[in-house]
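Secondary and tertiary structure notes
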Amino acid sequence: QVQLVESGGGLVQAGGSLRLSCAFSKSTGSTRPFSTYGMGWFRQAPGKEREGISCINSSDGSATVVGSVKGRFTISRDKGKNVIYLQMNNVKPEDTAVYYCATDPDYYCSDDGPDATDFTSWGIGTQVTVSS
């Protein structure tokens, strides 16, 4: 089975920076290596739909950041450690949300960005709160 654990959330002032981490693990008996899994970052604010904000292909590192956060957020991976990151710079109050990491062995990150229906494994989320 696959397990995802997000970390790095917290309280930050507007204009500040935060880095979220998502640690990926699976059983030793799994036949699918980490490199075959596509990864995604999502966020959900109270009263709003879950929003896909970034994705990355573990195989080659190709990635997409959606327009609402482009230029401020960056996704990256550490293949050897089975970890992906979301670097959040110049955060704004509207970035306040629960941030989720997701993965699926058949997902491929394209220019369209991630869609929640494409993912089968999810972390429990980490809260990011940006103060004015």
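So, a few notes on the structure that sits alongside this text.

Rules used in this analysis
Residues numbered from 1 in each chain as written. Predicted model: local features only at pLDDT ≥ 70, side-chain atom pairs only at ≥ 80, totals over all residues. Heavy atoms only, no water. Phe/Tyr/Trp six-rings, centres within 6.5 Å; stacked < 30°, edge-to-face > 60°. Helix = DSSP H or I, 4+ residues; strand = E, 2+ residues; numbered from the N terminus. Buried < 20%, exposed > 50% of the residue type's maximum accessible area, 1.4 Å probe, protein only. Lys NZ or Arg CZ within 6 Å of the ring centre and 35° of its normal. Contact = heavy atoms within 4.5 Å.

1. Section: the packing of aromatic side chains
In total, this model carries six aromatic pairs according to the counting rule given. Aromatic side chains Phe42 and Trp122 sit 4.9 Å apart centroid to centroid with 50 degrees between the ring planes, which places their arrangement in the tilted category. Pair noted here: Phe42 is in strand β4 (residues 38-44) and Trp122 is in strand β10 (residues 121-122), with a separation of 80 residues, a long-range link. Accessibility expressed as a relative area gives 28% for Trp122, which makes it partly exposed. An aromatic cluster is present here, built from Phe42, Tyr100, Tyr107, Phe119 and Trp122 joined pairwise through their rings. Positioned over the ring face of Trp122 is Arg50, at 4.9 Å from the centre of the ring.

2. What to know about the environment of Phe34
Position of Phe34 relative to the elements: it lies in the loop between β3 (18-26) and β4. Remark: the alpha-carbon pair of Phe34 and Ser121, spanning 87 residues in sequence, is separated by 13 Å. Those residues in contact with Phe34 that lie beyond four places of it in its chain are Phe24, Lys26, Met39, Ser58, Lys79, Asn82 and Val83.

Note that every value here comes from positions in space, so none of it alone points to a role or purpose.
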